[in-house]
Amino acid sequence: MAAVYKTLSKPGAKDADGDKNGSGTPGAKRNKQKVLILSSRGVTYRHRHLLNDLAAMLPHSRKDVKFDSKSKLYQLNELAELYNCNNVMFFEARKGKDLYIWFSKVPNGPTVKFHAQNLHTMEELHFTGNCLKGSRPVLSFDLAFEQEPHLKVIKELFLHMFGVPQGARKSKPFIDHVMGFSVVDGKIWIRNYEVREVEKTKGEGEDEKEADKAGKTKAGSEKETDVSLVEIGPRFVLTPIVIQEGAFGGPIIHENKRFVSPNQVRSDLRRSKAGRHNARAEQQRDHLAKRGNLGLLPSGAAKTVDALDTRAVFA
């Protein structure tokens, strides 16, 4: 009987009526989210630092070793089921330069593939903010997430990924930082800020001085504080590429037509450089031909004639 009493007295245990202790709503579901974070082979040091920063920010996450295959991503569903995770964040590195991040909801989907750019980690010196490790963030979304259907899907996926559930393992019951998600030019800009509260000094408020002199301030009144946001990091930009209906598979329900592959961008740059080189070489040949027609070439260059030249052979 003592064991039954201990079981029922635990917070969250169900009574005989099916209600949880401490909650009057029958059948209330608990938000259970767990994120599996892993990467592929070939990630750079910056990609690895970003992965470690996100794993440190999410106390409900589990970091795993590198995944060998880049083509058989459906095997990540079995891996997530093995670790009892219902969310997967997979970092895929290509050519040691490009980083693609997969956000997937296991086992039924959806899956969103992003291209990550402008990566900045917490270790950079211009990020002076700080927060408690394991604390829960406030997720701030741009109004644009409510205007298009595919952005609504991405917002819901971000809520499951970055929203730390209440009472999660290794989490702290404090809220001291804000994660901002903004949509600009078809890209999603992600920032992380510390909520810093500083008490006002005596020299800042003249009204407080006047109130103190008049004796109007109350002894039990709360002190006024200045609230500001200081960036903690990491910061990065995500460009959505495709949204699949299933978990790492299934039909494509949305595709970004404006996305340009970084391979195509590098190819265009090389082609433009080659075009400029060819134009300069052709201009040099035309210049030499024009000087030769006018007889302005050096004397040595005019006397040297190749016997096997086409104009000499077929003259």
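As recorded in an unreviewed UniProt entry, the chain goes by Brix domain-containing protein and comes from Lasiosphaeria ovina. Turning to the chain, the UniProt annotation filed under Subcellular location (unreviewed entry) states: "Nucleus, Nucleolus". The Sequence similarities (unreviewed entry) field of the UniProt record for the chain holds the comment "Belongs to the BRX1 family."

## Describing the overall build of the chain
Assigned secondary structure in the chain consists of eight helices and eleven strands. The proportion of buried residues among the 315 residues of the chain is 35%. The contacts of the chain with a sequence gap of at least 6 include a subset with a gap of at least 24, amounting to 68%. With an accessible surface of roughly 20500 Å², the chain has 52% of that area assigned to carbon and sulfur atoms.

## Details of the environment of Leu238
With respect to the helices, strands and loops of the structure, Leu238 is situated in strand β10 (residues 235-244). Here the alpha-carbon distance between Leu238 and Tyr100, two residues 138 residues apart in the chain, equals 8.9 Å. Leave out the neighbours within four places in its chain, and Leu238 touches Ile101, Phe103, Phe114, His115, Ala116, Phe158, Lys187, Ile188 and Ile190.

## Some details on the environment of Ala80
If you trace the backbone, Ala80 turns up in helix α3 (residues 75-82). Among the residues examined, Ala80 registers a relative accessible area of 0% and is labelled buried. Considered as a pair, Ala80 and Leu36 are 44 residues apart in the sequence and their alpha carbons are 6.5 Å apart. If we ignore the near neighbours within four places in the chain, the residues touching Ala80 are Leu36, Cys85, Val88 and Val106.

## A closer look at the packing of aromatic side chains
On inspection of all chains with the given rule, the structure shows eleven aromatic pairs. Seen from their ring centres, Trp102 and Phe248 are 6.0 Å apart, and the 40° between their planes marks the pair as tilted. Taken as a pair, Trp102 in strand β4 (residues 98-105) and Phe248 in the loop between β10 and β11 (252-255) lie far apart in primary sequence, 146 residues in all. Look at Trp102 and you get buried, because its relative accessible area is 9%. Taken together through their ring pairs, the aromatic side chains of Phe103, Phe114, Phe141, Phe145, Phe158, Phe162 and Phe181 make up a single cluster. Here the basic side chain of Lys113 rests over the ring of Tyr100, its NZ or CZ set 4.8 Å away from the ring centre.

## Description of the confidence of the model for the chain
Averaged over every residue, the pLDDT of the chain is 83; residues scoring 70 or more account for 81%. The low-confidence segment residues 15-24 (pLDDT under 50) makes 17 contacts with residues lying over four places distant or belonging to another chain. Segment residues 216-220: pLDDT under 50, and three contacts once partners within four positions in sequence are set aside and those in other chains are kept.

## Let's talk about the pairing of strand β8 (residues 187-199)
Consecutive side chains along a regular strand alternate between the two faces of the sheet. Across eight bridges, strand β7 (residues 172-184) lies against β8 in antiparallel orientation. Among the inter-strand pairings, Val178 is bridged to a residue of β8, identified as Tyr193. Counting the residues that bridge the hairpin from β7 to β8 gives two residues, and of these Asp185 lies at a positive phi of roughly 60°. Inspection of the sheet shows β8 paired to β10 by three bridges, in the antiparallel sense. When the sheet's bridge partners are listed, Trp189 is paired in β10 with Val237. Here β8 pairs with strand β9 (residues 225-231) via seven bridges, running antiparallel. The residue of β9 that forms the bridge with Val195 is Leu229.

## Here's the deal with the nonpolar core
Grouped together as the largest cluster of nonpolar side chains are 35 residues, with contacts concentrated most on Met89, Phe103, Phe158, Phe162 and Leu238. Counting residues per element, this core draws most heavily on helix α4 (residues 149-162), which supplies six residues.

## Looking at unusual backbone geometry
Following Gly109, the chain continues to Pro110 via a peptide bond in cis, the omega torsion being 10°. Tracing the backbone through its elements, the reader meets Pro110 in the loop between β4 and β5 (111-120). Of note in this structure, Lys170 is not a glycine but carries a positive phi near 70°. In this fold, Lys170 is placed in the loop between α4 and β7. Phi is positive for Phe248, close to 55°, though the residue is something other than glycine. Residue Phe248 is classed as buried on the basis of its relative accessible area, which comes to 9%.

## Focus: α3
Taken together, the buried positions of α3 are Leu76, Asn77, Leu79 and Ala80. All buried residues of α3 project into a common sector of 165° when viewed along the axis, lining one side. Those residues of α3 that are exposed and aimed more than 90 degrees away from the buried face are Glu78, Glu81 and Leu82. Buried residues along α3 sit in contact with β1 (35-39) and β3 (87-94).

Cut-offs and rules
- Residues numbered from 1 in each chain as written.
- Predicted model: local features only at pLDDT ≥ 70, side-chain atom pairs only at ≥ 80, totals over all residues.
- Heavy atoms only, no water.
- UniProt positions renumbered as here; feature names shortened; annotations may be inferred.
- Helix = DSSP H or I, 4+ residues; strand = E, 2+ residues; numbered from the N terminus.
- Buried < 20%, exposed > 50% of the residue type's maximum accessible area, 1.4 Å probe, protein only.
- Contact = heavy atoms within 4.5 Å.
- Areas by Shrake-Rupley, 256 points an atom, 1.4 Å probe, with all protein chains shown as cover.
- Phe/Tyr/Trp six-rings, centres within 6.5 Å; stacked < 30°, edge-to-face > 60°.
- Lys NZ or Arg CZ within 6 Å of the ring centre and 35° of its normal.
- pLDDT = per-residue confidence, 0-100.
- Pairing = 2+ DSSP bridges.
- Core = buried A, V, L, I, M, F, W, Y, C linked by side-chain atoms within 4.5 Å.
- Arc of directions from axis to C-beta.

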